[in-house]
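Observations on the three-dimensional arrangement
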Amino acid sequence: MADISFDNTEIAFAYKSDKALQKAHLLFSSMASSTLVKWGTRLTPWAIRAGLPVKGLIKDSIFEQFVGGETLEETAEVAKTLAQYGVGVILDYGVEGKEGEENFEQAKEEFIRVIRYAGSQPAIPFISIKVTGFARFGLLEKMDALAGPDDGYKGIMNKDALTAAERLEWERVEGRMLEVCAAAATNKVGVLVDAEETWIQHTVDALTTRMMERFNREGRAVVYNTVQCYRHDRLVFLKGSYETAHAGGWLLGIKLVRGAYMEKERKRAAQQHYPSPIQPNKDATDRDYNLGLTFCIEHIEDIALIVASHNEYSNLLAARLLEQRHLPANHPHIHYSQLYGMSDNITFNLAAAGCPVSKYLPFGPLGDVVPYLMRRAQENSSVSGQTGRELSLIKKELKRRKKK
């Protein structure tokens, strides 16, 4: 582990041609301009809705950088390329959830189709799902309002205040989740349940906990919950989740992330006059992330952990903690992940060191994944140092190749 260097650009970009690297350089240079990103994220969705001829430009630039393709078949080529360098794929059907029972059933079937496909591919160990893909947001919100502070990791869902129609609706939601997780268990694919907004997260946690209790048996994790460390209560939640799983004799699956929705969460808390659930600063988020990571590895026999991070220190910390405990780098309960199109210096250098690592790879029709792409553009322009770091690494590799 001491030999891992995230500065090795030859390993990081071996999978990219000179042309692809130059395109990435142009894209990240553009995203370094906050003004360009501001107007681009506003105008792009409008241009697509208006039918303007911009799809070709988008597909050849930001879509190609951050998305696997419009179809599963297109993602196969990306997965094949990554596999040559020891990197797997976490498939994410990147279409934003649409309300309505028909849409919910369609989303469930799509998740199952993706699971079956992943099960047929050796380099696709996981898929990602969102509960809001097959459940009405208002229903989740109502159930969440009835929850106690520790209901999520105990799997408790209070349905007493629901109407008869809402109870039937919730039964359909549970049924969809059960079908998805059962398909994953059959096909030996892990299901990563995405985090959502705090005002529906209790219910998502409780539902996910129930699925983990059912399917995470005999030392194998099928279902993983997502813990967002930019929330100040998540370290306590993580430890409570472990106690629940340990007492129940099942394996806790955790995807550890720093988090999303920060501005939305703070704005809602201010508008509705309740304490913000968000950490006071980035240092507190980093502290809790690394404490959570340490806790999981200290209990690695009972916790299956996905280190989902673009932070170099956190990734190195995980590798070193395993080494300190005399555990193999490819322990079956550890996996690393970064978004496709970002932090290749982390992903490919981890893979070269024998660590199990995958790229989070969204796919879907271009028009449907535009919200995801706009978030990537905004986050890369706002995350301190991220775009600058990507650019400096790309420049370093282009310079190295010229000297050959």
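Residues numbered from 1 in each chain as written. Predicted model: local features only at pLDDT ≥ 70, side-chain atom pairs only at ≥ 80, totals over all residues. Heavy atoms only, no water.

Let's shift gears to the overall build of the chain. What the chain contains, in helices and strands, is 17 helices and eight strands. Scaling as 2.2 N^0.38, a compact globule of 404 residues should have a C-alpha radius of gyration of about 22 Å, and the chain matches this with 21 Å. With the principal axes as the frame, the chain shows a C-alpha extent of 70 × 60 × 45 Å. Counting the 404 residues in the chain, one finds 54% classified as buried. Carbon and sulfur atoms provide 53% of the accessible area of the chain, an area that totals close to 17,900 Å². (Helix = DSSP H or I, 4+ residues; strand = E, 2+ residues; numbered from the N terminus. Rg over C-alpha atoms; globule rule 2.2 N^0.38 Å. Buried < 20%, exposed > 50% of the residue type's maximum accessible area, 1.4 Å probe, protein only. Areas by Shrake-Rupley, 256 points an atom, 1.4 Å probe, with all protein chains shown as cover.)

Turning our eyes to something else, we now look at the sheet that holds strand β4 (residues 223-228). Sheet architecture is closed into a barrel: eight strands sit in the order β1-β2-β3-β4-β5-β6-β7-β8, paired in parallel fashion. Between one strand axis and the next, the sheet turns through 30 degrees on average, direction left out of account. Against the sheet, helix α13 (residues 282-298) touches β5 (252-257), β6 (303-308) and β7 (334-339), its axis set at about 145 degrees to β6. (Pairing = 2+ DSSP bridges. Axes fitted to C-alpha atoms, helices over the stretch in contact; angles between N-to-C directions. Contact = heavy atoms within 4.5 Å.)

Between two packed helices, what matters for the description is the angle formed by their axes and the separation of those axes. Orientation of helix α6 (residues 101-119) relative to helix α9 (residues 164-187), taken along the N-to-C sense of each, is 10 degrees, at an axis distance of 8 Å. Taken together, α6 and α9 sit at an angle that is classed as roughly parallel. When α6 is examined against α9, the residues E101, F104, E105, K108, F111, I112, I115, R116 and G119 are found in contact with a partner set consisting of E169, R172, R176, E179, V180, A183, A184 and N187. Residues belonging to the contact of α6 with α9 are distributed by class as follows: seven nonpolar, two polar and eight charged. (Parallel < 35°, antiparallel > 145°, perpendicular 65-115°, else oblique. Nonpolar A, V, L, I, M, F, W, Y, C, P; charged D, E, K, R; others polar.)

What follows concerns a nonpolar patch on the surface. A surface patch of nonpolar side chains, about 430 Å² in accessible area, is lined by W39, L43, W46 and L52. Note that L43 resides in helix α3 (residues 34-49). Residue classification places L43 among the partly exposed residues on the basis of a relative accessible area of 45%. (Patch = residues over 30% accessible without salt bridge, like charges linked within 9 Å, V, L, I, M, F, W, Y side chains within 5 Å. Salt bridge = Lys/Arg side-chain N within 4 Å of Asp/Glu carboxyl O.)

So, about the pairing of β6. By the criterion of burial, β6 is predominantly enclosed, with six of the six residues buried. Along β6, one buried face is formed by I303, L305 and V307 and the opposite face, lined by A304, I306 and A308, is buried too. Where β5 and β6 come together, five bridges link them in parallel fashion. Residue pairing in the sheet places K255 in a bridge with I306 of β6. Note that β6 and β7 share four bridges and pair parallel. Across the sheet, residue I306 finds its bridge partner in β7, namely H335. With helix α14 (residues 312-324) bridging β6 and the parallel β7, this β-α-β connection has right-handed handedness. (Right-handed = clockwise from strand over helix to strand, strands pointing away.)

Residue position: E73 is located in helix α5 (residues 72-83). A relative accessible area of 53% means that E73 is categorised as exposed. Put simply, E73 and R217 are 144 residues apart on the chain and 32 Å apart in space, counted from C-alpha to C-alpha.

Let us look at the pairing of β4. Looking along a regular strand, one sees side chains alternate from face to face of the sheet. Most of β4 is tucked away, with six of its six residues classed as buried. Because side chains alternate across β4, one face comprises the buried residues V223, N225 and V227, and the other comprises Y224, T226 and Q228, equally buried. Handedness of the strand β3 (residues 190-193)-helix α10 (residues 198-215)-β4 crossover: right-handed.

What follows is about the pattern of salt bridges. Taken as a whole, this structure holds 32 salt bridges when the rule is applied. The shortest N-O distance in the salt bridge between E70 and K59 comes to 2.8 Å. Of the two residues, E70 is situated in the loop between α4 (55-66) and α5 and K59 in helix α4; the sequence distance between them amounts to 11 residues. Here K59 falls in the partly exposed class, since its relative accessible area comes to 31%. For the salt bridge of R400 with E397, the shortest nitrogen-to-oxygen distance reads 2.8 Å.

Take T44: it is sitting in helix α3. T44 gets classed as buried once you look at its relative accessible area, which sits at 18%. If near-sequence neighbours (up to four positions away) are discounted, T44 is found in contact with I58 and M374.

If you trace the backbone, E390 turns up in helix α17 (residues 386-403). Although E390 lies buried, it forms no salt bridge, and the closest oppositely charged side chain, K359, sits 7.2 Å away as judged by the N-O distance. Once you skip the residues sitting within four places of it in the chain, E390 turns out to touch F28, M342 and S343. (Lys, Arg positive; Asp, Glu negative; His and termini not counted.)

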